[in-house]
Protein chains: 2
Amino acid sequence: MKVILVQDLLKANTDQALQNRSLFDEHRVIVINLISAPGSGKTTLLEKTLALIKDRLYVGVIEGDISTTRDAERIASQAIPVVQINTQGACHLDAQMVAQALLELPLKELDLIFIENVGNLVCPASFDLGEHCKVAVLSVTEGSDKPAKYPEIFLKAHAVVMSKTDLLPYIDFNMEDCVAEMQGINKNLNVFPTSSKMGTGMADWIEWLEKLVQEKRGEVDVPCCNGKSIGSSI
Amino acid sequence: MKVILVQDLLKANTDQALQNRSLFDEHRVIVINLISAPGSGKTTLLEKTLALIKDRLYVGVIEGDISTTRDAERIASQAIPVVQINTQGACHLDAQMVAQALLELPLKELDLIFIENVGNLVCPASFDLGEHCKVAVLSVTEGSDKPAKYPEIFLKAHAVVMSKTDLLPYIDFNMEDCVAEMQGINKNLNVFPTSSKMGTGMADWIEWLEKLVQEKRGEVDVPCCNGKSIGSSI
């Protein structure tokens, strides 16, 4: 009987993540790991983001879901290179799954890759995929107490997109308290309140992404990620 | 070095869950394991539910959170016996944590216990706590595609509370499609569309809970849980 130990799996994940990151750096491609609870609007944010930047940047997407290929189909309809990973029950993506998916993407040509993780605000925060930045998506409908209740992702993220702000008039949500809680956990966190539906707040988010790409290309020297350069921030 | 294997942990969990269930059955108390994504409104549903039934049933609550005691404080303000479990990073409750919490509850006197699991639509579905019924909470703001994307909890749940229906006028959500998807996965699923804020739909949910308690007491013989009696349904 072969017994696989948890610590072996974690070590293997870290090793593979380092290899993924080397590959990204070699191709000067920026990689974002999008993490949120189910239904926070990651895929819709991605659709709107791609529509706004695909004429200026060449972007690829890796979609992680327990089952279905629905998210990848939504992205593919924009003529974006996309790979769907079905985890078949696993609650997070791991670096090995991402390494497999990378074989299907035109890495040499890409400026930016989004990895949309499985909808889960807890477990994906613990698994390095080799990305340069983790970005959390928090829907305002989830409530302003979530950063204190799920601190790990807010500690590790470089940015938080606060989604569905068009619903603010209809819910009890204190934006000031929520941002204060997040920045209490991680004072360098970039926070982008957005509504994918109405398009509000998207300009700042897009600008931040473009600066990351420019920094990776060596065109600017902007400390975007937690005050450190991107290469050394993770 | 002591090495703890995953299969040992799962076996230990199942053994402890059986002991928990025996204890519940001995005291004729019904136990509900509430599972949802973060921010779906489990605690608010619980607050409203307790306000409506606490005069007729004696209810206890176990609150599971990665950190903070906020949810337990909200419940305790209604003079309900409540125990907070902080999982300190773990993404789900397990049967051993629940066994510890039970030492702090007046089991002999209780009719009903709610266990509010960690906000996570994936991992808690795999861990038996000894409960009689799993109930999923799905906020309509999460989108109608969630059952197909997170099938395990919808397969294992006895009921789904669809929360935040007061927001339906402001979002794109197809209730018919969502219910059809859920019942495609589990045709015996009881579905309760509710708004904790407005109080709509709460009567049917409360009636279902009261029938569970009556069945456990032997007062009625109603096949509430997936067409099977409660005792044999899990």
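All figures in this text were calculated on a predicted structure; none of them were measured in a lab.

Asker: I'd like a rundown of the pattern of salt bridges, residues and numbers included.
Answerer: Summed over all chains, the structure comprises 27 salt bridges over all chains. We note a salt bridge from Lys211 of chain A to Glu207 of chain A, for which the minimum N-O separation is 3.9 Å. Residue Lys211 of chain A and its partner Glu207 of chain A are both found in helix H8 (residues 202–216); the two are separated by 4 residues, about one turn of the helix. One salt bridge connects Glu47 of chain B with Arg74 of chain B, and the closest N-O pair in it is separated by 2.9 Å. One end of the pair, Glu47 of chain B, is in helix H2 (residues 42–53); the other, Arg74 of chain B, is in helix H3 (residues 70–76), and 27 residues separate them in sequence. By relative accessible area, Glu47 of chain B is classed as buried at 18%.

Asker: Explain the pairing of strand S5 (residues 133–139) of chain A to me, using residue names and the numbers behind them.
Answerer: Residues and elements named next belong to chain A. Burial of S5 is extensive: 7 of the 7 residues sit out of reach of the surface. Strand direction decides the pairing type here: strand S1 (residues 30–36) and S5, joined by 5 bridges, are parallel. Residue pairing across strands places Ser36 opposite Val137, the latter belonging to S5. As paired elements, S5 and strand S6 (residues 159–163) share 5 bridges and run parallel to each other. Residue pairing across strands places Ser139 opposite Ser163, the latter belonging to S6.

Asker: Could you give me a rundown of the interface of chain B and chain A, with the residues and numbers involved?
Answerer: Counting residues at the interface gives 38 residues for chain B and 38 residues for chain A. When the buried area of chain B at its contact with chain A is split by residue, Pro38, Lys149 and Tyr170 of chain B rank highest and sum to 20% of it. Applying the counting rule to chain B against chain A returns 6 salt bridges. Here Lys149 of chain B ties to Asp65 of chain A by a salt bridge, and the two come within 3.4 Å at their closest N and O atoms. Put simply, chain B and chain A have 15 residue pairs in polar contact (both at pLDDT 80 or more) between them. Of all the secondary structure elements, the ones that give two or more residues to the side of chain B that touches chain A are helix H1 (6–26), H3 and helix H5 (146–149) of chain B. The residue makeup of the side of chain B that touches chain A, split by class, is 18 nonpolar, 8 polar and 12 charged.

Asker: I'd like a rundown of H8 of chain A, residues and numbers included.
Answerer: The α-helix winds at 3.6 residues per turn, so residues separated by three or four positions along the chain end up facing the same way. Residue and element names in this part refer to chain A. The end-to-end C-alpha separation of H8 is 21 Å, in line with the 21 Å expected for 15 residues at 1.5 Å each. Buried within H8 are the following residues: Met202, Trp205, Ile206, Trp208, Leu209, Glu210, Leu212, Val213, Glu215 and Lys216. Two residues or fewer past H8, Gly218 is found with a positive phi of approximately 80 degrees.

Asker: So, the packing of aromatic side chains: which residues are in play, and what are the values?
Answerer: Here the distance between the centres and the angle between the planes together describe a pair of aromatic rings. Residues and elements named next belong to chain A. Scanning the model with the defined rule gives 7 aromatic pairs over all chains in all. On the basis of an interplanar angle of 20 degrees and a centroid distance of 6.0 Å, the ring pair of Trp205 and Trp208 is categorised as stacked. You can see Trp205 and its partner Trp208 sitting in helix H8, 3 residues apart, about one turn around the helix. Linked through ring pairs, Phe192, Trp205 and Trp208 together constitute an aromatic cluster.

Asker: Give me the lowdown on the packing of H2 of chain B against helix H8 (residues 202–217) of chain B, citing residues and values where you can.
Answerer: Residue and element names in this part refer to chain B. Between H2 and H8, whose axes approach to 11 Å, the crossing angle comes to 70 degrees. When the interaxial angle is binned, H2 and H8 end up roughly perpendicular. Handedness of the H2/H8 crossing: right-handed. Only Met202, Trp205, Ile206, Leu209 and Glu210 of H8 make contact with H2, whose side of the interface consists of Leu45, Lys48, Thr49, Leu52 and Ile53. Here the residues of the contact of H2 with H8 sort into 7 nonpolar, 1 polar and 2 charged.

Asker: Can you break down unusual backbone geometry residue by residue, with the values?
Answerer: All names here are of chain A. Unusually for a residue other than glycine, Arg28 sits at a positive phi of about 50 degrees. The topology assignment puts Arg28 in the loop between helix H1 (6–26) and S1. Even without being glycine, Thr68 reaches a positive phi, approximately 75 degrees. In this structure, Thr68 sits in the loop between strand S2 (59–65) and helix H3 (70–76). By relative accessible area, which is 19% here, Thr68 ends up buried.

Asker: Just give me the short version of the side chain of Glu142 of chain A, but keep the residues and values in it.
Answerer: Within the secondary structure, Glu142 of chain A is located in the loop between S5 and helix H5 (146–149). Put simply, Glu142 of chain A is tucked away with no salt bridge, and the nearest opposite charge, on Lys164 of chain A, sits 6.5 Å away. If sequence neighbours within four positions are ignored, Glu142 of chain A has contacts with Ala37 and Ser40 of chain A together with Pro38, Gly39 and Lys164 of chain B.

Here is what the cut-offs are and how they apply
- Residues numbered from 1 in each chain as written.
- Chains lettered and ligands numbered in written order.
- Predicted model: local features only at pLDDT ≥ 70, side-chain atom pairs only at ≥ 80, totals over all residues.
- Heavy atoms only, no water.
- Salt bridge = Lys/Arg side-chain N within 4 Å of Asp/Glu carboxyl O.
- Helix = DSSP H or I, 4+ residues; strand = E, 2+ residues; numbered from the N terminus.
- Buried < 20%, exposed > 50% of the residue type's maximum accessible area, 1.4 Å probe, protein only.
- Pairing = 2+ DSSP bridges.
- Contact = heavy atoms within 4.5 Å.
- Buried area = accessible area lost by both parts, 1.4 Å probe.
- Polar contact = N/O pair within 3.5 Å; in protein donor to acceptor, adjacent residues only side chain to side chain.
- Nonpolar A, V, L, I, M, F, W, Y, C, P; charged D, E, K, R; others polar.
- Expected span 1.5 Å × (residues − 1).
- Phe/Tyr/Trp six-rings, centres within 6.5 Å; stacked < 30°, edge-to-face > 60°.
- Axes fitted to C-alpha atoms, helices over the stretch in contact; angles between N-to-C directions.
- Parallel < 35°, antiparallel > 145°, perpendicular 65-115°, else oblique.
- Left-handed = near helix turned anticlockwise from the far one by under 90°.
- Lys, Arg positive; Asp, Glu negative; His and termini not counted.

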